[in-house]
Amino acid sequence: MSFQELVPEHLRGLGPYAAGKSVKRAQAESGIECVKLASNENPFGPSPAAMEAIRAGADQVNFYPDNDESALVTALAAKHELARDQILVTAGSTSFLDVICRTLLGPGLNAVTSSRSFIQYPLLTRAAGGHLVEAPMQDDRFDLQAVLRAITPATRVVFVANPNNPTGTLLQPGEIDLFLERVPRNLLVVLDEAYADFAAGFAGPRNLEYSHSERYVREGRQVLVLRTFSKAHGLAGLRVGYGFGSAEVISVFARVRTIFSVSGLAEAAALAALSDHTHISRVLHNNAQGAEWLLRELQALGLRALPTWANFVYFDVPEPARELADRLQLEGVIVRPLTAWGAPSSIRVSIGTPEQNELFIRALQRCLAAVSAH
Ligand SMILES: Cc1ncc(COP(=O)(O)O)c(C=O)c1O
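Residues numbered from 1 in each chain as written. Predicted model: local features only at pLDDT ≥ 70, side-chain atom pairs only at ≥ 80, totals over all residues. Heavy atoms only, no water.

Draft legend 1. Looking closely at the overall build of the chain. Secondary structure summary: the chain contains 15 helices and 12 strands in total. The C-alpha radius of gyration of the chain comes to 21 Å, within 12% of the 21 Å expected for a compact globule of 374 residues. Projected onto its principal axes, the C-alpha coordinates of the chain cover approximately 60 × 60 × 50 Å. Per-residue burial for the chain yields a buried fraction of 52% across its 374 residues. Look at the contacts in the chain between residues 6 or more apart in sequence, and 74% of them connect residues 24 or more apart. Here the chain displays about 16,600 Å² of accessible surface, and carbon together with sulfur accounts for 55% of that area. (Helix = DSSP H or I, 4+ residues; strand = E, 2+ residues; numbered from the N terminus. Rg over C-alpha atoms; globule rule 2.2 N^0.38 Å. Buried < 20%, exposed > 50% of the residue type's maximum accessible area, 1.4 Å probe, protein only. Contact = heavy atoms within 4.5 Å. Areas by Shrake-Rupley, 256 points an atom, 1.4 Å probe, with all protein chains shown as cover.)

Draft legend 2. Representation of the pattern of salt bridges. The tally for this structure, following the rule as stated, stands at 20 salt bridges. Between R215 and E219 there is a salt bridge; the shortest N-O distance is 3.0 Å. Where R366 meets E331, a salt bridge forms, and the shortest distance between an N and an O atom there is 2.7 Å. Placement of R366 in helix α15 (residues 354-373) and of E331 in the loop between α14 (321-330) and β10 (333-334) is noted, with a sequence separation of 35 residues between them. (Salt bridge = Lys/Arg side-chain N within 4 Å of Asp/Glu carboxyl O.)

Draft legend 3. Focus on the site of the ligand. In the region of the ligand, the neighbouring residues are G92, S93, T94, F118, N165, D192, A194, Y195, T228, S230, K231 and R239. Within the side chain of Y195, an N or O atom sits 2.7 Å from an oxygen atom of the ligand. Relative to its unbound accessible area of 400 Å², the ligand is 93% covered by the protein chains. (Near = heavy atom within 4 Å. Polar contact = N/O pair within 3.5 Å; in protein donor to acceptor, adjacent residues only side chain to side chain.)

Draft legend 4. Quick look at the packing of helix α3 (residues 48-57) against helix α12 (residues 264-274). Viewed as axis vectors pointing N to C, α3 and α12 meet at an angle of 150°, and their least axial separation amounts to 8 Å. By the angle between their axes, α3 is roughly antiparallel relative to α12. Where α3 crosses over α12, the two elements pack in a sense that is right-handed. For the pair α3 and α12, contact is made by A49, A50, A53, I54 and G57 and by L265, A268, A269, A272 and A273, respectively. In terms of residue class, the contact of α3 with α12 is made up of nine nonpolar, one polar and no charged. (Axes fitted to C-alpha atoms, helices over the stretch in contact; angles between N-to-C directions. Parallel < 35°, antiparallel > 145°, perpendicular 65-115°, else oblique. Left-handed = near helix turned anticlockwise from the far one by under 90°. Nonpolar A, V, L, I, M, F, W, Y, C, P; charged D, E, K, R; others polar.)

Draft legend 5. A look at the environment of A146. One can find A146 in helix α7 (residues 144-150). In this structure, the C-alpha to C-alpha distance between A146 and P136, residues 10 residues apart in sequence, is 6.7 Å. Setting aside residues no more than four positions away along its own chain, A146 makes contact with A135 and P136.

Draft legend 6. The domain arrangement of the chain, seen in detail. Considered domain by domain, the chain is made up of domain 1 (3-46 + 278-373) and domain 2 (48-276). Computed over C-alpha atoms, the centres of domain 1 and domain 2 are 23 Å apart. Listed per partner, the contact involves 33 residues of domain 1 and 40 residues of domain 2. Summing the contributions of domain 1 and of domain 2, the shared interface buries around 3,100 Å²; its carbon and sulfur component is 64%. Counting across the domain 1 and domain 2 interface gives one salt bridge. Among the salt bridges present, the one from R304 reaches D140, with a minimum N-O distance of 2.9 Å. Between domain 1 and domain 2 we count 15 residue pairs in polar contact (both at pLDDT 80 or more) in total. Per element, the largest residue contribution to the side of domain 1 that touches domain 2 is eight residues, and it comes from helix α13 (residues 277-300). (Domains from an automatic or database assignment. Buried area = accessible area lost by both parts, 1.4 Å probe.)

Draft legend 7. How the structure looks around the nonpolar core. Counting residues in each nonpolar core, the largest one holds 65 residues, and the members touching the most others are I100, F159, F179, L224, F229 and F253. Formed by 40 residues, the second largest nonpolar core is a distinct cluster that contains F202, A203, L298 and V313. (Core = buried A, V, L, I, M, F, W, Y, C linked by side-chain atoms within 4.5 Å.)

Draft legend 8. Local environment of the environment of A19. With respect to the helices and strands, A19 occurs in the loop between α1 (9-12) and α2 (23-30). A relative accessible area of 48% places A19 in the partly exposed class. With 81 residues separating them along the chain, A19 and I100 place their C-alpha atoms 22 Å apart.

Draft legend 9. Spatial organisation of the sheet that holds strand β3 (residues 110-114). One open sheet holds the seven strands; their spatial order is β2-β8-β7-β6-β5-β3-β4, and the pairing between them is mixed. Every other strand in the sheet has two partners, leaving β2 (87-90) and β4 (131-135) as the edge strands with one partner each. Adjacent strand axes in the sheet meet at a mean angle of 20° when their direction is disregarded. Note: strand β7 (residues 223-228) against strand β8 (residues 241-244), four bridges, orientation antiparallel. Each residue of the ladder has a partner; that of R227, found in β8, is Y242. This element, helix α5 (residues 93-104), spans β2, β5 (155-161), β6 (188-192), β7 and β8 of the sheet and lies at about 150° to β7. Of the strands in this sheet, β2, β6, β7 and β8 touch helix α11 (residues 247-256), which is tilted by about 25° from β2. (Pairing = 2+ DSSP bridges.)

Draft legend 10. Local environment of the sheet that holds strand β11 (residues 336-337). Taken together, three strands build an open sheet; the order of strands is β9-β12-β11 and the sheet is antiparallel. If you trace the sheet from one side to the other, it starts and ends with β9 (312-316) and β11, each paired once. As judged from the two bridges shared by β11 and strand β12 (residues 346-350), these two strands associate in the antiparallel manner. When the bridges of β12 are listed, R336 appears paired with R348. Sitting on the sheet, α14 touches β11 and β12, and the angle it makes with β12 is about 35°.

So this is what it looks like as structure tokens:
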């Protein structure tokens, strides 16, 4: 008997997840120093306060962590003006998404999202035995009307990534207000706000509002909001994120979550990062400047690039994105071709430091020039 036969049918066809290539691997392949602009990480690293907290906590790792993340939950409750029992910390928001799928989905049930959205939605949905329905996009944005039309009696969850990864586009709070008025009450709407800090940073100067997510939770709507410390706070490698929702919803997810999955170091670092406003301001300022510069440079190269609300830029290229990404890597820059998202001629590049952005644009110019010379 083969091992495959022991595996439930819905798990047999699961493909592997191809993560953004690590600098180490890319350098081994290319033989030159590489800059990674493929996974929307923070180019400045963690805040110095978080580094200090990690050092201070290092000699405590013989102990299991605080399974309730009490200190971090207290700080997050104050930040969002919610009760402590409305917040749950997980090992990155990906882990929260996994808990949501395992809790609410199974054979015969589905989740609804948009096409070209976060790549984990299909993987986690399938791993839980459910099915993911992807509504078409409109103008590179979530089409909430199409999402509403895709909902069936078997739908248990709707994932809305806002800003969306990989397009970087935003739904205005008014659009989500309206959507929540119309969506059936017997399902959970997950507002995935992984890039909230960047979006909020862009909203002020653009004279727009970012999100009403805290208000939805206070109003008692069937909404779960996800945030992460992986992006603006620069802690992707430590795996810490959280969600907030009604106490009832949170208490169910808390029971499904794997115990002790958030390390004491991750909690301490997140707590320190949360109040390092100087570091966050520096990160947001660099991101806003880089977003504008990259958009201009990409458009000057004749490429269609989308204005972003996050820390990455989506653009179209005149050849298979995978091939161009391979050549960019030989020039020392790792980007994300979006072939697996169903966008074989599009690339997502993370916004780096000014030097990294410049390196990327010069490399791209050389790659595109080499193609047109052929
Ligand atoms: C839309 C979206 N949600 C969630 C995440 C997960 O982040 P993490 O698991 O690092 O918290 C990401 C990461 O890229 C993302 O783009």
